[in-house]
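# Overview (structure and organization)
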Amino acid sequence: MSRLLVVGASHAEIPLIRAGQGLGHWVSTVGSDAEALGAKASDSHFKVDFSDADAVLRVFDEGKFHGVVSGCNDFAAFTAARVSEARDLANCDSYETTRLIHHKDAFRKVASELKLNSPEHFVVSSVKEANEISQQIKFPVIVKPTDLTGGKGVNVVQDPSALGTAVEAALSRSRMKNVVVESFVAGNLRSALYIVVGGVTHLVVSADEFMYLNPFLVTSAVSNIGEAPETLLGLAEQIGLVVSALALTDGLMHVQYIWSGSEFTILEICRRPPGDLYLLLAEFASGYNISEKIVLLALGESITPPIPNLKVKPVFRLCLTSPKSGQILEWKIHPKLDSQVSFREDLRPQHTLIENHLVEKLSIVLGYGVSHQELTKLVNDHEHHLLLRHQ
């Protein structure tokens, strides 16, 4: 039995925890909240801030762990890279490579050098710098902290007069105090999950993604059936350029991009697992156990890629959220949705307080359907997702 340390302990890490346990390993987690769902699902938990790499390294050494896995957070990816680098562990990119991929300003530079399809952008560290570049970029623009995910600190700005305020708000959220200002690209938000094996990228699943009340937080995804047209037009080849240029190790590669109907624009790439049980979406749709592959790689094992021309099933992943903040006396899944749910992970009890309905989730559900069109309609039919009784 090997000992595996997962950096993170939220609901998002549960597929990794269960995959490790299913392979017969002892799986521990680190995170500040000992009551988190991932902490409870693990074999043991260490109450440590997972962004504190030195503290996590001490846990790794004292616990005599054999491998480390990044959780579904960029700060977890940085910590996992630090630990792996310090202990010369297998199948993990260096900290510098991890930074180049996960810091938005650094990745934009990589994308420009490799001539990837990506938005025009500037990196600024002050409102003064933002005002100086306001005449050099086409509006509307989107303003993002370089080091945060999940839509934190993100705003769309329609004209130069509002740029300073948006940049100031983003800087207040950023630990690095850097902000990316990039052209807003219209189109449909999509994602693709690849696995890199021997320097070759293999598509596991692609999905359409949708937002609900928070325009910068994905709440649902529906797998695409068959080979998406953007794959034929070179998305995989461009991801391959990144793999080659940065000499990436075997492991996953998650991409978010905009599809205009005729071309794709890459927004972000990450090597840590995507959150909110996206790994299960990939596994349900493709039959390829990506969580298990991540664990095997972390423990120095070799893996096989998915079979060519993998047949993908229509699957949805839906985060259920309240339409407003406040005390909920009772909630349950609407019968119309519940009839198609194959898996659910409840994140909150039936009686619960929602302090910020734009980010807090009640449950995450997954299920199968007959067609992509049917499931797209289902995940966007918000009136028939939940039955709620507020105080």
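Now for a look at the structure at hand. This structure is a prediction, so every number in the text was calculated from the model and none was measured.

Counting its secondary structure elements, the protein contains 14 helices and 19 strands. Scaling as 2.2 N^0.38, a compact globule of 391 residues should have a C-alpha radius of gyration of about 21 Å, and the protein matches this with 20 Å. Overall size of the protein, expressed as C-alpha extent along the three principal axes, is 60 × 50 × 40 Å. For the protein, restricting intrachain contacts to residue pairs at least 6 apart in sequence, the fraction spanning at least 24 positions comes to 66%. Carbon and sulfur atoms form 51% of the exposed surface of the protein, whose accessible area is close to 16,600 Å². In the protein, which carries 35 positive and 44 negative side-chain charges, the distance between the mean positions of the two groups comes to 3 Å.

The next point concerns the sheet that holds strand 7 (residues 155–157). Paired through their backbone hydrogen bonds, the strands of a sheet run either parallel or antiparallel. Spatially, 5-8-6-7 is the arrangement adopted by the four strands of the open sheet, whose pairing is antiparallel. With partners counted over all chains shown, the strands left at the sheet margins are strand 5 (121–124) and strand 7, one partner each. Ignoring strand direction, the axes of neighbouring strands in this sheet form an average angle of 25°. Where strand 6 (residues 141–145) and strand 8 (residues 179–183) come together, five bridges link them in antiparallel fashion. Bridging from a neighbouring strand, Pro145 pairs with Val179 of strand 8. Running at roughly 145° to strand 5, helix 6 (residues 104–113) makes contact with strand 5, strand 6 and strand 8 of the sheet. Strand contacts of helix 8 (residues 163–173): strand 5, strand 6, strand 7 and strand 8, with the helix running at about 20° to strand 6, the strand carrying the most contacts.

Turning our attention to the nonpolar core. Core analysis: the largest hydrophobic core is formed by 38 residues, its most contacted members being Leu4, Leu193 and Ile290. Ranked by residue count, the leading element in this core is helix 11 (residues 278–286), at seven residues. Leave out the neighbours within four places in its chain, and Ile290 touches Leu193, Ile195, Leu252, Leu279, Ala282 and Glu283.

To continue, consider the state of the cysteines. For the structure shown, the criterion picks out zero disulfides. Free of any disulfide, Cys92 has its nearest cysteine sulfur in Cys270, 13 Å distant. Taking the relative accessible area as the measure of exposure, Cys92 reaches 29% and is therefore partly exposed. Cys319 forms no disulfide, and the closest cysteine sulfur to it belongs to Cys72, at a distance of 12 Å.

Taken together, eight strands build an open sheet; the order of strands is 13-12-9-10-11-14-18-16 and the sheet is antiparallel. What marks the edges here is a single partner per strand, and that holds for strand 13 (264–270) and strand 16 (343–346). Between one strand and the next, the sheet's axes are offset by a mean angle of 25°, whatever the strand orientation. As judged from the three bridges shared by strand 11 (residues 218–223) and strand 14 (residues 315–320), these two strands associate in the antiparallel manner. Residue Ser220 lies in a different strand from strand 14, and its bridge partner there is Leu318.

Moving on: the pairing of strand 12 (residues 251–259). The buried fraction of strand 12 amounts to eight of the nine residues, a majority that puts the element mostly inside the structure. Bridge count for strand 12 against strand 13 is six bridges, and the pairing is antiparallel. When the sheet's bridge partners are listed, Val255 is paired in strand 13 with Ile269. Between strand 12 and strand 13, which pair antiparallel in sequence order, lie four residues; one of them, Gly261, sits at a positive phi of approximately 110°.

Moving on, we come to helix 1 (residues 14–22). Of the positions making up helix 1, those classed as buried are Ile14, Pro15, Leu16, Ile17, Ala19 and Gly20. Where helix 1 terminates, the next one or two residues include Gly24, which has phi positive at roughly 90°.

On to unusual backbone geometry. Look at the link from Phe139 to Pro140: it is a cis peptide, with omega at 5°. The topology assignment puts Pro140 in the loop between helix 7 (127–133) and strand 6. One non-glycine residue, Lys64, lies in positive phi territory at about 50°. Assignment of secondary structure puts Lys64 in the loop between helix 3 (53–62) and strand 4 (67–70).

Taken as a whole, this structure holds 16 salt bridges when the rule is applied. Residue Arg99 pairs with Glu96 through a salt bridge whose shortest N-O separation is 2.8 Å. Residue Arg99 and its partner Glu96 are located together in helix 5 (residues 95–102), separated by three residues, close to a single helical turn. The partner of Arg389 in a salt bridge is Glu330, with the nearest N and O atoms 3.7 Å apart. Here Arg389 is found in strand 19 (residues 386–390), whereas its partner Glu330 is found in strand 15 (residues 326–333), with 59 residues between them in sequence. With a relative accessible area of 45%, Arg389 lands in the partly exposed category. Judged by relative accessible area, Glu330 falls into the partly exposed class, the value being 37%. Several salt bridges converge on common partners, so that one network encompasses Lys104, Arg108, Lys144, Glu182 and Glu268.

What counts, and where the lines are drawn
- Residues numbered from 1 in each chain as written.
- Predicted model: local features only at pLDDT ≥ 70, side-chain atom pairs only at ≥ 80, totals over all residues.
- Heavy atoms only, no water.
- Helix = DSSP H or I, 4+ residues; strand = E, 2+ residues; numbered from the N terminus.
- Rg over C-alpha atoms; globule rule 2.2 N^0.38 Å.
- Contact = heavy atoms within 4.5 Å.
- Areas by Shrake-Rupley, 256 points an atom, 1.4 Å probe, with all protein chains shown as cover.
- Lys, Arg positive; Asp, Glu negative; His and termini not counted.
- Charge placed at Lys NZ, Arg CZ, Asp CG, Glu CD.
- Pairing = 2+ DSSP bridges.
- Axes fitted to C-alpha atoms, helices over the stretch in contact; angles between N-to-C directions.
- Core = buried A, V, L, I, M, F, W, Y, C linked by side-chain atoms within 4.5 Å.
- Buried < 20%, exposed > 50% of the residue type's maximum accessible area, 1.4 Å probe, protein only.
- Disulfide = S-S within 2.5 Å.
- Salt bridge = Lys/Arg side-chain N within 4 Å of Asp/Glu carboxyl O.

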